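An overview of the molecular structure
What follows is each chain in one-letter form.
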Amino acid sequence: MSATLLVVEDEKELRELLRRYLERAGYAVVTTASGAEAVRLLGAGGIDLAVLDLGLPDVDGTEVLREARRGGGSDTAGNGTGGAAGVPVVVLTARSAVEDRIRGLELGADDYVTKPFSPTEVVLRVQAVLNRARGTAGRASAVACYGGGRLCVDQERHRVSVDGEPVDLTPTEWGLLTALASVPGRVYSRYELVNRVRGYEFAGYERTIDSHVKNLRHKLGPAGAQVVETVLGVGYRLGLDRDA
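First, a word on scope: everything that follows refers to the structure included in this document.

1. Digging into the overall build of the chain
For the chain, the count of helices and strands is nine helices and twelve strands. Counting all 244 residues of the chain, 48% fall into the buried class. Within the chain, contacts between residues at least 6 apart in sequence are counted, and of these 59% link residues at least 24 apart. For the chain, the computed accessible surface area is about 10800 Å², with 49% contributed by carbon and sulfur atoms.

2. Thoughts on the pairing of strand β11 (residues 228–231)
Pairing between β11 and strand β12 (residues 235–238): four bridges, direction antiparallel. Considered in β12, the bridge of valine 228 is made with leucine 238. The antiparallel pairing of β11 with β12 creates a hairpin that spans three residues between the two strands, and glycine 233 there sits at a positive phi of about 80°.

3. Describing unusual backbone geometry
The omega torsion of the bond from lysine 115 to proline 116 falls at -5°, within 30 degrees of zero and hence cis. Its location among the elements puts proline 116 in the loop between β5 (111–114) and α5 (119–134).

4. Notes on the sheet that holds β11
Pairing is antiparallel in the open sheet, where three strands are placed in the order β10-β12-β11. Only two strands of the sheet have a single partner each, and these edge strands are β10 (188–189) and β11.

5. Looking at helix α3 (residues 61–70)
Residue pairs spaced three or four apart in an α-helix point in one direction, given the helix's 3.6 residues per turn. In terms of burial, α3 is largely enclosed, as seven of its ten residues are buried. For α3, the set of buried residues is Gly61, Thr62, Val64, Leu65, Glu67, Ala68 and Arg69.

6. Observations regarding the environment of isoleucine 209
Turning to its location among the elements, isoleucine 209 is positioned in helix α8 (residues 206–220). Distance in space between the C-alpha atoms of isoleucine 209 and isoleucine 102 is 9.9 Å, their sequence separation being 107 residues. For isoleucine 209, the contacting residues outside a window of four places in its chain are Leu176, Arg190, Leu193, Val194 and Tyr236.

7. Considering the side chain of serine 211
Inspection of the secondary structure assignment puts serine 211 in helix α8. Owing to a relative accessible area of 6%, serine 211 belongs among the buried residues under this scheme. Beyond its immediate sequence surroundings of up to four residues, serine 211 is in contact with Ile102 and Leu105.

8. Considerations on the state of the cysteines
Linking two cysteines covalently through their sulfur atoms gives a disulfide. Here the structure, examined in full by the defined rule, presents one disulfide. The disulfide bridge from cysteine 145 ends at cysteine 152, spanning 2.2 Å between sulfur atoms. Taking the sign of the torsion about the S-S bond as the criterion, the disulfide between cysteine 145 and cysteine 152, at about 105°, is right-handed. Judged by its relative accessible area of 14%, cysteine 152 falls in the buried class.

9. Focus on the nonpolar core
Counting 26 residues, the largest nonpolar core has Tyr146, Leu151, Val160, Leu177, Leu193, Val228 and Leu238 as the members making the most contacts within it. Of all elements in the fold, only β6 (143–146), β7 (151–154), β8 (159–162), α6 (171–182), α7 (190–198), α8 and β12 reach the threshold of two or more residues within this core. Looking at this core, the element that brings in the most residues is α6, giving six residues. When sequence neighbours within four positions are dropped, the list of residues in contact with leucine 177 reads Leu151, Val153, Val160, Leu169, Leu216 and Leu238. With 20 residues, the next largest nonpolar core counts Leu65, Leu105, Leu107 and Tyr112 among its residues.

10. A word on the environment of tyrosine 191
Structurally, tyrosine 191 is set in helix α7. Note: C-alpha distance between tyrosine 191 and isoleucine 209 (18 residues apart in sequence) is 8.9 Å.

11. Comments concerning the pattern of salt bridges
Side chains bearing opposite charge may pair, as long as their charged atoms lie close to each other. This model, assessed by the stated rule, comprises 13 salt bridges. In this structure, the salt-bridge partner of lysine 219 is glutamate 173, at a minimum N-O distance of 2.7 Å. Placement of lysine 219 in helix α8 and of glutamate 173 in helix α6 is noted, with a sequence separation of 46 residues between them.

Basis of the calculations
Residues numbered from 1 in each chain as written. Predicted model: local features only at pLDDT ≥ 70, side-chain atom pairs only at ≥ 80, totals over all residues. Heavy atoms only, no water. Helix = DSSP H or I, 4+ residues; strand = E, 2+ residues; numbered from the N terminus. Buried < 20%, exposed > 50% of the residue type's maximum accessible area, 1.4 Å probe, protein only. Contact = heavy atoms within 4.5 Å. Areas by Shrake-Rupley, 256 points an atom, 1.4 Å probe, with all protein chains shown as cover. Pairing = 2+ DSSP bridges. Disulfide = S-S within 2.5 Å. Core = buried A, V, L, I, M, F, W, Y, C linked by side-chain atoms within 4.5 Å. Salt bridge = Lys/Arg side-chain N within 4 Å of Asp/Glu carboxyl O.

Function-wise, these values are silent; they only describe arrangement.
And the structure:
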């Protein structure tokens, strides 16, 4: 079933360029130049992913991003990613400074593309984010638990819980956690995680993995740094053993 994308971009030529490329890739596309209209469309539901320009004329794009992360729209995977997880977002902006990219990721963006950009690259990133959002439903029928039931990952239902409490993750955070949990204790470099989570090679994205790990640890609670451990000079590993 084709995903429905929302493109929020105030530059008409860019907006139409993205529409053409995304529709050619098989997606249904809704476009707007208005942040306020984007918020309304997200609240109405039916949006599977947003391509969002942060530099909007009426409403700051970060406000639209917050609205998307609050849970507007449909569950792309149809498997319970959780309303609070919201709509996956690919940020599209001229703000190329590292601080701006980190800020967008901290607010919950799943990927970040700076202008000027290749529309083909945007399509690839959209596809990768949607693939992560759809998850790996059907690949495993059992819930995998770690640390004596402290952390549980339900691949089939695309759900995570810590100490019995559900945790809503973005597609990127889900991808990171499940990659680390696939072999508990194994150290994954940032480069490996980029390729495992993104699904394609993107040199330069490695630095942003740290921001996603920071967000993931925060959501996992006070012991997040013990669940996702840092191995200095190498990368990250899951710090819990898998339950028998």
